[in-house]
Amino acid sequence: MSSDSKKRKPKVIRTDGGPQEGKRGKADGEQDARYYSEECEVDLRDPIKDYELYKETCQELQRLMAEIQELKSRGVKDNASEIDERRVQSCVHFMTLKKLNRLAHIRLKKGRDQTHEAKQKVDAYHLQLQNLLYEVMHLQKEITKCLEFKSKHEEIELVSLEEFYSEAPTEISRPDITLTEPHQQTLARLDWELEQRKRLAERYKECQTIKEKILKEIEVKKEYLSSLQPRLNSIMQASLPVQEYLFMPFDQAHKQYETARHLPPPLYVLFVQASAYGQACDKKLVVAIEGSVEEAKALYKPPEDSQDDESDSDMEEEQTTKRRRPTLGVQLDDKRKEMLKRHPLSVTVDLKCKGKLVLLCTGYINVLHLTFYYLMNLNIMTVKTKVTTAAELTTAISAGDLLSPDSLLSCLYPGDHGKKTPNPANQFQFDKVGILTLSDYVTELGHPYVWVQKLGGLHFPKDQPQHTVTADNSLSASHMEMTMKLLRTRLQSRLALHKQFASLEHGVVPVSSECQHLFPTKIVSRLVKWTAIPFEDYTELPYTKDVVEAGLAEDTHLYYMALIERGTAKLQAAVVLNPGYSALPPIFSLCLNWKGERTGSNDDNIRAMESEVNVCYKELWGPKPGYQLLTNQLQRLCMVLDVYLETEPHDTTVEGPKEFPQEKMCLRLVRGPMRLKPFKFNYPQGFFSHR
């Protein structure tokens, strides 16, 4: 039965009350084919009746199943037809149940669809409600804003009503309307305020234009006035070359001579003589006066009032001593300060020199600044020095004392070291206040050189002491030219030494092209060390004893140590540099450390080497003024060390080649009973010979 039902084609059932089903005819045209539709049938059927039908069908099925069960339990063959009949009826009831099941599902689907549609409508209504509520809230906020709104005109201070109606035109005030309506009155007042502000804005623009015009005029006048001063200065500056060209610096000279009236006599003599020497012989010499003129004027006291002032000062001192009673130490300090008091004015002399040597900075101006002071109570003059170089000098450790104020001008004249006072009367003054020597105060006061006193016209004879020493113009004039030349020479020599020391500390011995012919092309020995040593260390060296005993080494000289090496041989050279270099040559003391210690006392050839650099120094002066003497002496020392080592006989006890093979050409290796070596170099032949 099940197989028959599967193969069976669905029947078309015509619904009650529905349109009749038709077929398309070829001749009649197309007709709508309407098939059986259970969805349409669901709308026509009553669900309650279908439920009753369902219950009845179920009861019938139960009954039929029970009968079939009973018939089968009997086992009678005649009951097969009845069983088939009841089975057919059961199948019909099953078909009915299936149809009712389909109808129930269709009703459920339609119910869900209707519920969904109803839910969508409810959601749409809810959304509309929310929109309306938001719009209501927005409108409430706008209403609140409108109620709380404060207009800008409330912050504006409007004119009073009386002033408004009296000054405003009728086109704006409209009294017939504004008197009865406050809103229109406020609008009219605002219009009048706007009109007034427009007028004031126009007036402000006019005033601003006038202000800018006036400011421009002021700026033009300021520019004119500011440019006037530079023009005046340029005119004044333009006249200076004319004054310099005509040697008539009237303005500067007038100011200087007005100030010179207040100088003490020694400084005045120095100022006059130095200015005269600069105008006549040295155009680069600059003389000026520094200090406080007011303090210098205060020192002057008329003679008739001096006694009264002294009596008053004595009375004041008695009163102060009664009140304070200072200690003895404080009194001595005050007396020392009073005795060492300087005059408020000082004379400065700038000595310029141009470097013309290769060792100096060619074309640059170096200046020696000299500041002269006068100690009023001691009646002596002092000087302080300072050097200014146009180009920065190379830093050299060993050149530290070359340009120092304590040693730069020391022994400008022989024996004048500037550590003692040249006035013999000062020693008695020092004894009263407890001053042992003036050298303790030279750093603060300056050095009292003898040549400084002579430049100021002061002369203190020791054999015939004078009661009063006055400034003498003739004495100053007689020493001015020589002293200025010595000062310039001293500055140039020290600058040359400073340049040379910078090279020597790096192991380089500078030799100029003019002095190359004094030495052979190849020198193997090299300078490895150049340092400054104190005077005490120099005197303790055993091979410098002869120089010290001869009085050629003093504490005012400069001392250096040079070390020259070649292979295992080391030559130490202790150098004494006189402050008067290069007029006075340096003195070398040698000590050779090679196979023992060899000095001039135990080796005649070492003494001969010392003679080559100390005695024959005139050959090494080079071009005048001979500032290359020291470097040429060191170069000759390297040369004679090569000759000394190369001419030494070979030690047969030592195996191997000779340590120092002979490279220099010598006519004779040794000569005489002292077996002296050939240290003299012959140019241009290039060989060495004996002197």
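Further up the page is the structure itself.
Reference entry: report on the structure contained in this document.

How each quantity is defined
- Residues numbered from 1 in each chain as written.
- Predicted model: local features only at pLDDT ≥ 70, side-chain atom pairs only at ≥ 80, totals over all residues.
- Heavy atoms only, no water.
- Helix = DSSP H or I, 4+ residues; strand = E, 2+ residues; numbered from the N terminus.
- Expected span 1.5 Å × (residues − 1).
- Bend = angle between axes of the 7 residues up to and from the residue.
- Core = buried A, V, L, I, M, F, W, Y, C linked by side-chain atoms within 4.5 Å.
- Buried < 20%, exposed > 50% of the residue type's maximum accessible area, 1.4 Å probe, protein only.
- Contact = heavy atoms within 4.5 Å.
- Pairing = 2+ DSSP bridges.
- Axes fitted to C-alpha atoms, helices over the stretch in contact; angles between N-to-C directions.
- Parallel < 35°, antiparallel > 145°, perpendicular 65-115°, else oblique.
- Left-handed = near helix turned anticlockwise from the far one by under 90°.
- Nonpolar A, V, L, I, M, F, W, Y, C, P; charged D, E, K, R; others polar.
- Phe/Tyr/Trp six-rings, centres within 6.5 Å; stacked < 30°, edge-to-face > 60°.
- Lys NZ or Arg CZ within 6 Å of the ring centre and 35° of its normal.

Let us now look at helix α17 (residues 473-504). Across its 32 residues, α17 extends 46 Å between first and last C-alpha, which sits within 8% of the 46 Å expected from 1.5 Å per residue. The sharpest bend along α17 measures roughly 40° and falls at Met480.

In this section: the nonpolar core. It is characteristic of soluble globular proteins that their nonpolar side chains tend to be buried jointly. Counting 51 residues, the largest nonpolar core has Phe501, Trp530, Phe588, Met609 and Leu637 as the members making the most contacts within it. Among the secondary structure elements, those contributing two or more residues to this core are α17, β5 (526-532), β6 (558-566), β7 (569-577), β8 (587-593), α20 (604-614) and α21 (629-646). With 11 residues, α21 is the single largest residue contributor to this core. Non-local contacts of Leu637, meaning those with residues more than four positions away in its chain, are made with Ile564, Leu571, Ala573, Phe588, Leu590 and Val613. Grouped together as the second largest cluster of nonpolar side chains are 47 residues, Ala296, Leu351, Leu409 and Phe460 included.

Quick look at the sheet that holds β5 now. On the basis of which strands lie adjacent, the open sheet formed by five strands has the order β5-β6-β7-β8-β9 and antiparallel pairing. Of all the strands in the sheet, the pair left with one neighbour each is β5 and β9 (597-599). If you compare each strand with its neighbour and ignore which way they point, the axes differ by 20° on average. Direction of pairing for β8 relative to β9: antiparallel, over a ladder of three bridges. The partner of Leu592 across the bridge, within β9, is Arg598. Taken strand by strand, α17 contacts β5, β6 and β7, and its axis lies near 125° from that of β5. Across the sheet, α21 is in contact with β5, β6, β7, β8 and β9; its angle to β6 comes to roughly 35°.

Read from one edge of the open sheet, four strands run β1-β2-β3-β4, paired in antiparallel fashion. Bordering the open sheet on either side are β1 (286-291) and β4 (380-388), each of which pairs with just one other strand. For this sheet the average axis-to-axis angle between neighbouring strands, irrespective of direction, equals 25°. Judged from the six bridges that link them, β1 and strand β2 (residues 345-354) form a sheet pairing that is antiparallel. Its bridge partner lying in β2, Val286 is registered against Asp350.

Packing of helix α3 (residues 47-74) against helix α4 (residues 80-148) leaves a shortest axis separation of 9 Å and a crossing angle of 155°. Between α3 and α4, the angle is such that the two are roughly antiparallel. As for how α3 packs across α4, the hand of that crossing is left-handed. In terms of residue class, the contact of α3 with α4 is made up of 14 nonpolar, five polar and eight charged.

According to the stated counting rule, one finds 11 aromatic pairs in the structure shown. Look at Tyr449 and Trp451: their rings are 5.5 Å apart centre to centre, the planes differ by 15°, and that puts the pair in the stacked class. For the pair Tyr449 and Trp451, one class covers both residues: buried. With a centroid separation of 5.3 Å and 10° between ring planes, the pair formed by Trp530 and Tyr560 is classed as stacked. Within this pair, whereas Trp530 is found in strand β5, its partner Tyr560 is found in strand β6, the two being separated by 30 residues in sequence. Judged by its relative accessible area of 3%, Trp530 falls in the buried class. Three or more aromatic residues joined by ring pairs form one cluster here, namely Phe501, Trp530 and Tyr560. Here the basic side chain of Arg342 rests over the ring of Tyr373, its NZ or CZ set 4.1 Å away from the ring centre. It is Lys677 that lies over the ring of Tyr644; its NZ or CZ is 5.3 Å from the centre.

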